[in-house]
Amino acid sequence: MAAVLDAGAFARLDRKKFFDAIRPLFGGLSQPQVDGINRLIDGFLVYAFVLDRRHLAYILATSFHETGRRMEPVREGFAVSDAAARRAVASLYAQGKISRNYALPNARGLSFYGRGDVQLTFEANYAAMGKLLGIDLAGNPDLALDPAVSARILIEGVTRGASLKGDFTGKALEDYIAGDRCDYVGARRTVNGTDKASLIAGYAERFEAALIAGGMPLIAARMPDALGKPPTVPVADVPVQTGALGGWLSSLFRWAS
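These numbers come from a predicted model, not from an experiment.

**Focus on the overall build of the protein**
Okay, step 1: On a plain count of helices and strands, the protein comes out with nine helices and six strands.
Okay, step 2: A fraction of 62% describes how many contacts in the protein between residues 6 or more apart in sequence connect residues 24 or more apart.
Okay, step 3: Just so you have it, the protein exposes about 11,500 Å², and 53% of that area is on carbon and sulfur atoms.

**As for the side chain of Thr67**
Okay, step 1: Along the chain, the position of Thr67 falls in the loop between α4 (53-66) and β2 (74-75).
Okay, step 2: A distance of 2.6 Å separates a polar side-chain atom of Thr67 from the backbone oxygen of Ser63.

**Regarding the packing of helix α2 (residues 15-26) against helix α3 (residues 31-47)**
Okay, step 1: Where α2 contacts α3, the axes come no closer than 12 Å and their chain directions differ by 125°. With respect to each other, α2 and α3 are oriented oblique. Considering the relative orientation of α2 and α3, their crossing is right-handed. Counting all contacts with α2, which are made through Arg15, Phe18, Phe19 and Phe26, the residues of α3 involved are Gln33, Val34, Ile37, Asn38, Ile41, Asp42 and Leu45.
Okay, step 2: Of the residues that constitute the contact of α2 with α3, the class distribution is seven nonpolar, two polar and two charged.

**Comments concerning the environment of Gly202**
Okay, step 1: Mapped onto the fold, Gly202 is located in helix α8 (residues 197-213).
Okay, step 2: Placed 17 residues apart in sequence, Gly202 and Val185 show a C-alpha to C-alpha distance of 8.6 Å.

**Some words on the pattern of salt bridges**
Okay, step 1: Throughout the structure, instances matching the rule amount to 14 salt bridges.
Okay, step 2: With a closest N to O distance of 2.8 Å, Asp52 and Arg54 form a salt bridge.
Okay, step 3: When its relative accessible area of 2% is taken as the criterion, Asp52 is described as buried.
Okay, step 4: Owing to a relative accessible area of 5%, Arg54 belongs among the buried residues under this scheme.
Okay, step 5: Among the salt bridges present, the one from Asp82 reaches Arg115, with a minimum N-O distance of 3.6 Å. Pair noted here: Asp82 is in helix α5 (residues 82-94) and Arg115 is in strand β3 (residues 115-116), with a separation of 33 residues, a long-range link.
Okay, step 6: Judged by its relative accessible area of 2%, Arg115 falls in the buried class.
Okay, step 7: Residues joined in a network through salt bridges with shared partners are Glu66, Arg188, Asp195 and Lys196.

**A few points about the nonpolar core**
Okay, step 1: Judged by nonpolar contacts, the single largest core of 46 residues is most densely connected at Phe18, Ile22, Phe26, Ile37, Leu60 and Phe207.
Okay, step 2: For this core, the secondary-structure elements that each account for two or more residues are α1 (7-11), α2, α3, α4, α7 (147-158) and α8.
Okay, step 3: Looking at this core, the element that brings in the most residues is α3, giving eight residues.
Okay, step 4: Leaving out residues up to four positions away in the same chain, Phe18 has contacts with Leu13, Ile37, Ile41, Leu60, Phe207, Ala210, Leu211 and Gly214.
Okay, step 5: Ranked by size, the runner-up nonpolar core spans 11 residues in total, among them Phe112, Leu133, Ala144 and Val149.

**Points about the packing of α2 against α8**
A pair of packed helices is characterised by two quantities: the angle between their axes and the separation of those axes.
Okay, step 1: In the contact formed by α2 and α8, the axes pass within 7 Å of each other and the chain directions differ by 155°. By the criterion of interaxial angle, the relationship of α2 to α8 is roughly antiparallel. Of the two possible hands of crossing, α2 and α8 adopt the one that is right-handed. Residue-level inspection shows Lys17, Phe18, Ala21, Ile22, Pro24, Leu25 and Phe26 of α2 in contact with α8, the latter providing Tyr203, Arg206, Phe207, Ala210, Leu211 and Ala213.

**Remarks on the confidence of the model for the protein**
Okay, step 1: This prediction gives the protein a mean pLDDT of 86; 82% of its residues lie at or above 70.
Okay, step 2: Note that pLDDT drops below 50 for residues 223-257; the model gives that stretch 53 contacts with residues more than four away or on any other chain.

Each value, and the rule that gives it
- Residues numbered from 1 in each chain as written.
- Predicted model: local features only at pLDDT ≥ 70, side-chain atom pairs only at ≥ 80, totals over all residues.
- Heavy atoms only, no water.
- Helix = DSSP H or I, 4+ residues; strand = E, 2+ residues; numbered from the N terminus.
- Contact = heavy atoms within 4.5 Å.
- Areas by Shrake-Rupley, 256 points an atom, 1.4 Å probe, with all protein chains shown as cover.
- Polar contact = N/O pair within 3.5 Å; in protein donor to acceptor, adjacent residues only side chain to side chain.
- Axes fitted to C-alpha atoms, helices over the stretch in contact; angles between N-to-C directions.
- Parallel < 35°, antiparallel > 145°, perpendicular 65-115°, else oblique.
- Left-handed = near helix turned anticlockwise from the far one by under 90°.
- Nonpolar A, V, L, I, M, F, W, Y, C, P; charged D, E, K, R; others polar.
- Salt bridge = Lys/Arg side-chain N within 4 Å of Asp/Glu carboxyl O.
- Buried < 20%, exposed > 50% of the residue type's maximum accessible area, 1.4 Å probe, protein only.
- Core = buried A, V, L, I, M, F, W, Y, C linked by side-chain atoms within 4.5 Å.
- pLDDT = per-residue confidence, 0-100.

Put into structure tokens, the structure is as follows:
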């Protein structure tokens, strides 16, 4: 196995330089956007199997696109309430744009419309993702709107995480971005086929350039294949504030040094 590089170097991103570089893409940054970006960076450092700068760039680009630049979890249709989200899905169904109204409540009155940085839909998908993460998403689907949980869902969904595959579509970022290969256009298949693939690829390039400006190396660490699953950390213990990861990551990767 290749030598493990210094994970701390990955965590020591100069966030001021990074945000200065990415601000033009947003046309200015609000505090919620800054907090949302920091949340995804920190979540990636904790939960990603492979610390590849390009994977992080694509994850940030995906949230940028899917949340309408909000960088925080949203309900389907950007609805402000459960009822509004259910109506949004019912409208899509009535227009013939979807084949099934997946927002209809189950026997417990729970609705499984899209929630999160990337829209997790259908009860079976909530149950499967919850099982992977050790969270009762099927019993409480609004947990997918929790910022820390949503970050974990996005990271697990597009990378070879606990299931060793991309859980949204069966495709993972590692299928398109690994070694010398960086196919940001093809990487859209980890979420939604080829929909807006070139547009999101452009966002990923912008985010990667900003990460480079902040001093992030290309690849800083890889979990050994023998581990079999990413580190398990209770949601309440996930550090999501800027600079909170230094000591935690140092202890996490001490065995690899």
